[in-house]
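Results of the structural survey
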Amino acid sequence: MKALAEKLEVINLQFARRKALRRSAFHWGLIAVCVGILAVAVILVMMGSPYLGWDYSAPETAVMGVAIHAFEWGFVRLAPFVLIAAAAGVFLTRKRG
């Protein structure tokens, strides 16, 4: 009976470590998402939408300009929600103790 209790204790410790490792990885992943969103936002602000002054008579330029504009449009609308959710996740998965 004692040997069984010790084995169960070892298994329980392994599960606890695995859970803590998963939580830590998720926490740092959410931090990386926050940093990535902020980095892309800074890059977009620094670029200043250069495609607005391009000559759209060439098809390649037109396609590239529309693609960059679509990315900016989607990023500006979705990034705040993703950033808030990731920041909340960082707060909720922090190490307590």
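Residues numbered from 1 in each chain as written. Predicted model: local features only at pLDDT ≥ 70, side-chain atom pairs only at ≥ 80, totals over all residues. Heavy atoms only, no water.

Some remarks on the overall build of the protein
- Secondary structure assignment for the protein yields 2 helices and 0 strands.
- Compactness check: the protein gives a C-alpha radius of gyration of 23 Å against a globular reference of 13 Å for 97 residues, more than 25% above the reference.
- Projected onto its principal axes, the C-alpha coordinates of the protein cover approximately 80 × 25 × 15 Å.
- By the burial criterion, 16% of the 97 residues in the protein qualify as buried. (Helix = DSSP H or I, 4+ residues; strand = E, 2+ residues; numbered from the N terminus. Rg over C-alpha atoms; globule rule 2.2 N^0.38 Å. Buried < 20%, exposed > 50% of the residue type's maximum accessible area, 1.4 Å probe, protein only.)

With respect to the packing of aromatic side chains
- Applying the stated criterion across every chain, the model contains 1 aromatic pair.
- Look at Phe71 and Phe75: their rings are 5.9 Å apart centre to centre, the planes differ by 25 degrees, and that puts the pair in the stacked class. With Phe71 and Phe75 both in helix H2 (residues 59-92) and 4 residues apart, the pair spans about one turn of that helix.
- Its relative accessible area of 15% is what places Phe75 among the buried residues.
- Over the ring of Phe91 we find Arg94, and its NZ or CZ is 4.0 Å from the ring centre. (Phe/Tyr/Trp six-rings, centres within 6.5 Å; stacked < 30°, edge-to-face > 60°. Lys NZ or Arg CZ within 6 Å of the ring centre and 35° of its normal.)

Some remarks on the side chain of Thr93
- In this fold, Thr93 is placed in the segment after H2.
- Residue Thr93 is classed as buried on the basis of its relative accessible area, which comes to 13%.
- Polar side-chain contacts of Thr93 include one of 2.9 Å to the side chain of His27.
- At a separation of 2.8 Å, a polar atom in the side chain of Thr93 contacts the main-chain carbonyl oxygen of Gly89.
- Not counting residues up to four positions away in its chain, the partners in contact with Thr93 are Arg23, Phe26, His27 and Leu30. (Polar contact = N/O pair within 3.5 Å; in protein donor to acceptor, adjacent residues only side chain to side chain. Contact = heavy atoms within 4.5 Å.)

Quick notes on the environment of Phe75
- In this structure the C-alpha to C-alpha distance between Phe75 and Thr61, which are 14 residues apart in sequence, comes to 21 Å.
- Ignoring sequence-local partners within four residues, the contact set of Phe75 consists of Ile37, Val40, Ala41, Leu44 and Pro80.

A look at H2
- In this model H2 runs 48 Å from its N-terminal to its C-terminal C-alpha over 34 residues, within 8% of the 50 Å that 1.5 Å per residue would give.
- Bending of H2 peaks at approximately 40 degrees at the position of Leu78, with proline Pro80 no more than four residues after it.
- Three or more residues of H2 are buried, namely Ala62, Gly65, Glu72, Phe75, Ala79, Ala86, Gly89 and Val90.
- Where H2 is buried, its residues meet helix H1 (2-47). (Expected span 1.5 Å × (residues − 1). Bend = angle between axes of the 7 residues up to and from the residue.)

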